[in-house]
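Inside the fold
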Amino acid sequence: MSNPTPASEPVTLGVDIGGANLKYADTQGNVSSVEFPLWMRPDELAGQLTADFAAYPDVSRVVVTMTGELADCFLDRCVGVQHIVDQVCRAVTQSGRSAPLFYAVDGHVHPAAWAMEHVDLVAAANWHALANWVARRFSPQLSGGGLLVDIGSTTTDLIPLRDGGIATPSRTDFDRLSEGSLVYLGGGRTPVCALVDHLDWQGRPVAVMREVFATMDDVRLLLGYQAGDASDCRSADGKPRDAFHAANRIARMIGLDHRTVDLETAKRLAIQVHQRARAIVSEAIAAFGGSGPLVVSGHCSDLLPTNSDVRQRISLPATLGEDVSRCAPAFAVAHLVG
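Computed from a predicted structure; not experimentally measured.

Definitions and limits used
- Residues numbered from 1 in each chain as written.
- Predicted model: local features only at pLDDT ≥ 70, side-chain atom pairs only at ≥ 80, totals over all residues.
- Heavy atoms only, no water.
- Axes fitted to C-alpha atoms, helices over the stretch in contact; angles between N-to-C directions.
- Helix = DSSP H or I, 4+ residues; strand = E, 2+ residues; numbered from the N terminus.
- Parallel < 35°, antiparallel > 145°, perpendicular 65-115°, else oblique.
- Left-handed = near helix turned anticlockwise from the far one by under 90°.
- Contact = heavy atoms within 4.5 Å.
- Nonpolar A, V, L, I, M, F, W, Y, C, P; charged D, E, K, R; others polar.
- Buried < 20%, exposed > 50% of the residue type's maximum accessible area, 1.4 Å probe, protein only.
- Pairing = 2+ DSSP bridges.
- Salt bridge = Lys/Arg side-chain N within 4 Å of Asp/Glu carboxyl O.
- Phe/Tyr/Trp six-rings, centres within 6.5 Å; stacked < 30°, edge-to-face > 60°.

**Topic: the packing of helix α8 (residues 243–252) against helix α9 (residues 263–288)**
Two packed helices can be described by the angle between their axes and the distance between those axes. For the pair α8 and α9, interaxial distance at closest approach is 9 Å and the crossing angle is 60°. As far as their axial angle goes, α9 and α8 are oblique. Here α8 runs over α9; the crossing is left-handed. Contacts between α8 and α9 involve Ala243, Ala247 and Ile250 on the former and, on the latter, Leu263, Ala266 and Leu269. Residue composition of the contact of α8 with α9, grouped by class: 6 nonpolar, no polar and no charged.

As structure tokens, then:
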């Protein structure tokens, strides 16, 4: 975490509002991540934010970036952005702080009224905030070019950087999907059936069921990349997020269950899925070419290709700490303003 900011300086809180998590980071080095299924409880966002703001009593200014407008509870991005902006304003007013600001892909922060009118510039802007800060922070190392690789629970962002700035004209999700800089694969919520169409079982390929029986967090849990939590039942089947149930979920992908698939066998199935996920990320990175450094962010670096060791790596978890890196867009937007 960063060194504490002197009390005389205003403290800025960056907030990253996603569809499944709310992430916070202030300019004093305090961070937190709160699971919040926005698609299930959109009208409770203001209340959740108000409660979470209580953990940051020294904050005088709130700056927001978002991807939560993509949640399917909203008819479109315009509705989503406007709902989130309204909920944020309610929470900030309730907490007695000054009016919030919203980060846009023009690289600036704006008041709520502007955000309401320019929804497509505010929507899904958290990748831009992080890339903007990284490009400035590591400008000397990236003068010849580099690539920010941010792997989260849902997506992988690949953002070209050069000379202290973002080296892509893409701004929307559509643009970034088209150019390959937004890879809809993450280490948590991605369904196994979206990654593989078969799994090898006892020497023969077996087609997987095209159902969300298991997700990447089951894969990573079984392989030791993610800790289990038996009290957490927000898994694909609503059962505990532990090794036994993760193995059972993986087995269901090929029509089996724990009666025939033990833990070690489930791990072998999980390895196949993990290798495919890593290959997809590797192919996406390779498509950008270049030999500059990879700036690694997020909490799923196990999905990085192992064949890219020839490229220098700058690790945000090592530079900022694991907790801050997990909330990197919130950290970035706070420090861009603060």
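Now that the structure has been shown, the text picks up again.
**Let's talk about the pairing of strand β2 (residues 21–26)**
Here is the key point about a regular strand: its side chains alternate between the two faces of the sheet. Of all the 6 residues making up β2, 6 are buried; the element is thus mostly covered by neighbouring parts of the structure. Of the two faces of β2, both are covered, the one formed by Asn21, Lys23 and Ala25 as well as the one formed by Leu22, Tyr24 and Asp26. Between strand β1 (residues 11–17) and the antiparallel strand that follows it, β2, lie 3 residues. Two successive antiparallel strands, β2 and strand β3 (residues 31–35), enclose a turn made up of 4 residues, where Gly29 displays a positive phi of approximately 95°.

**A look at the pattern of salt bridges**
Inspection of the entire model under this criterion finds 14 salt bridges. We note a salt bridge from Arg77 to Asp173, for which the minimum N-O separation is 3.5 Å. Note that Arg77 is positioned in helix α2 (residues 77–94) and Asp173 in helix α6 (residues 173–179), a separation of 96 residues in sequence. Note that Asp302 and Arg220 form a salt bridge whose closest N and O atoms lie 2.8 Å from each other. Placement of Asp302 in the loop between β13 (294–298) and β14 (313–315) and of Arg220 in helix α7 (residues 216–222) is noted, with a sequence separation of 82 residues between them. The buried category is assigned to Asp302, whose relative accessible area is 10%. Exposure remark for Arg220: the relative accessible area of 2% places this residue in the buried category. Within the structure, one salt-bridge network assembled from shared partners comprises Glu35, Asp217, Asp232, Arg234 and Arg241.

**What to know about the packing of aromatic side chains**
Each aromatic ring pair is characterised by the separation of its centres together with the angle its planes make. With the rule as written, the count across this model stands at 4 aromatic pairs. Seen from their ring centres, Tyr24 and Phe53 are 6.3 Å apart, and the 85° between their planes marks the pair as edge-to-face. Here the residue Tyr24 occupies a position in strand β2, and Phe53 occupies one in helix α1 (residues 45–53), the gap between them amounting to 29 residues. On the accessibility criterion, Tyr24 (0% relative accessible area) is buried. Residues Tyr24 and Tyr56 carry aromatic rings whose centres are separated by 6.0 Å and whose planes lie at 35° to one another, so their mutual orientation is tilted.

By themselves these figures say nothing about function.
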